[in-house]
Amino acid sequence: LDSIDGKHARRTQSSTPLGELFDHGLDSWATSIFVLSFFSVCSRDNGKTGVSVYTMYIYLSIVLFNFMCSHWEKYNTGVLFLPWGYDISQVVLIAAYLLTGTVGVEVWQKPLLFGYYITDVLVILLIGFSLFLSFPQTLYNIHRAHLKKTLKNDSLYEGLLPLVSPLLLFVLLTVWVVLSPSNILAKQPRLFLWMVGVAFSNVICKVIICQMSSTRPELFHWFLFPLALVVSAAISGLLGRTEEAVLGLFAALVTAAHVHYGVCVGRQLSEHLNIYIFSLKKRIQE
């Protein structure tokens, strides 16, 4: 139903900024959940088959990078151009679920062709589509808007501002993954990837709101400050055996903060636009 909601909203004349935030905001969160579900389908690396936790981290980072680029493009051009790769990725996921349910998990544990597994092919296709199709298309669309003088932001600084927090977030998380004394990603892969997805979703939701309201995004998202403290304490060995517990607490913090943010913004938009959430009825004017 992901491609139907917007058409249905326009058909019922209920298209609003609140609906746009719901759609893309939940997409930004669901994106990481899709990757986690794929991780469960193809299984973790056991030395012979499966996918390593580091491959899944790269996989998730590339998917989130593509999502970020699309909304960065809209922030600058005012147009959300979603390449067909998004639809293909959903079809591939559905095919993976059906294949696993029909044949069994063994299909992921046998070489497909020339010694390569299905997961190897999917990762290669993902990187190829991202580097050679999606990202170049984003740059081309922004360049074309610049030539037509339709860019919403004239200065380079303003245009690149939405990328600062997501990129810093990725740098901090990657430093934690690479330099963790307890190899935190290997010990708690799903919890770590969940935390990555939630933190990213909150950062992107704020960019979405800025592009809808034509306001400037903040330079440094507040998640970056506690994350920087946690990462510094972890890689320095200060956390010791409590690193996993701290990861759990931080994941709970960002999840609660993200849910709270979504509820508050949803209520504010519904009151401002005089509409109910999950209903086509208008609010009664006081």
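Because the structure is predicted, anything quoted here is derived from the model rather than measured.

Enquirer: Residues and numbers for the UniProt feature "transmembrane region" (unreviewed entry) in the protein chain, please.
Expert: Per the UniProt record, the feature "transmembrane region" (unreviewed entry) sits at residues 51-69, 81-100, 112-135, 156-179, 191-209, 221-239 and 245-263. Summarising residues 156-179: 100% helix, 0% strand, and an end-to-end C-alpha distance of 33 Å. Helix makes up 100% of residues 245-263 and strand makes up 0%, while its end C-alpha atoms are separated by 27 Å.

Enquirer: Hey, could you go over unusual backbone geometry for me, with residue numbers and the actual values?
Expert: The backbone of asparagine 183 shows a phi angle near 55 degrees, a positive value even though the residue is not glycine. For asparagine 183, the location among the structural elements is in the loop between helix H6 (156-179) and helix H7 (184-187). In this model, serine 214 sits at a positive phi of 55 degrees, which is unusual for a non-glycine residue. With respect to the secondary-structure elements, serine 214 resides in the loop between helix H8 (189-213) and helix H9 (224-235). Residue serine 214 is classed as exposed on the basis of its relative accessible area, which comes to 58%.

Enquirer: Can you tell me about the nonpolar core, naming the residues and giving the values?
Expert: Of all hydrophobic cores here, the largest spans 66 residues; its most connected members are Trp108, Trp176, Phe192 and Met195. Counting residues per element, this core draws most heavily on helix H3 (residues 53-77), which supplies 12 residues. Not counting residues up to four positions away in its chain, the partners in contact with phenylalanine 192 are Tyr57, Leu173, Trp176, Val177, Ile184, Leu185 and Leu247.

Enquirer: Give me the lowdown on the pattern of salt bridges, citing residues and values where you can.
Expert: Tallying each qualifying case throughout the model produces 4 salt bridges. Residue glutamate 244 is joined to lysine 187 by a salt bridge in which the shortest nitrogen-to-oxygen separation is 3.8 Å. You can see glutamate 244 sitting in helix H10 (residues 243-272) and its partner lysine 187 sitting in helix H7, a full 57 residues away along the chain. Given the relative accessible area of 29%, glutamate 244 is considered partly exposed. Look at lysine 187 and you get partly exposed, because its relative accessible area is 47%. In this structure, lysine 206 engages glutamate 218 in a salt bridge whose closest nitrogen and oxygen atoms are separated by 3.5 Å. Note that lysine 206 is positioned in helix H8 and glutamate 218 in the loop between H8 and H9, a separation of 12 residues in sequence. Among the residues examined, glutamate 218 registers a relative accessible area of 36% and is labelled partly exposed.

Cut-offs used in this document
Residues numbered from 1 in each chain as written. Predicted model: local features only at pLDDT ≥ 70, side-chain atom pairs only at ≥ 80, totals over all residues. Heavy atoms only, no water. UniProt positions renumbered as here; feature names shortened; annotations may be inferred. Helix = DSSP H or I, 4+ residues; strand = E, 2+ residues; numbered from the N terminus. Buried < 20%, exposed > 50% of the residue type's maximum accessible area, 1.4 Å probe, protein only. Core = buried A, V, L, I, M, F, W, Y, C linked by side-chain atoms within 4.5 Å. Contact = heavy atoms within 4.5 Å. Salt bridge = Lys/Arg side-chain N within 4 Å of Asp/Glu carboxyl O.

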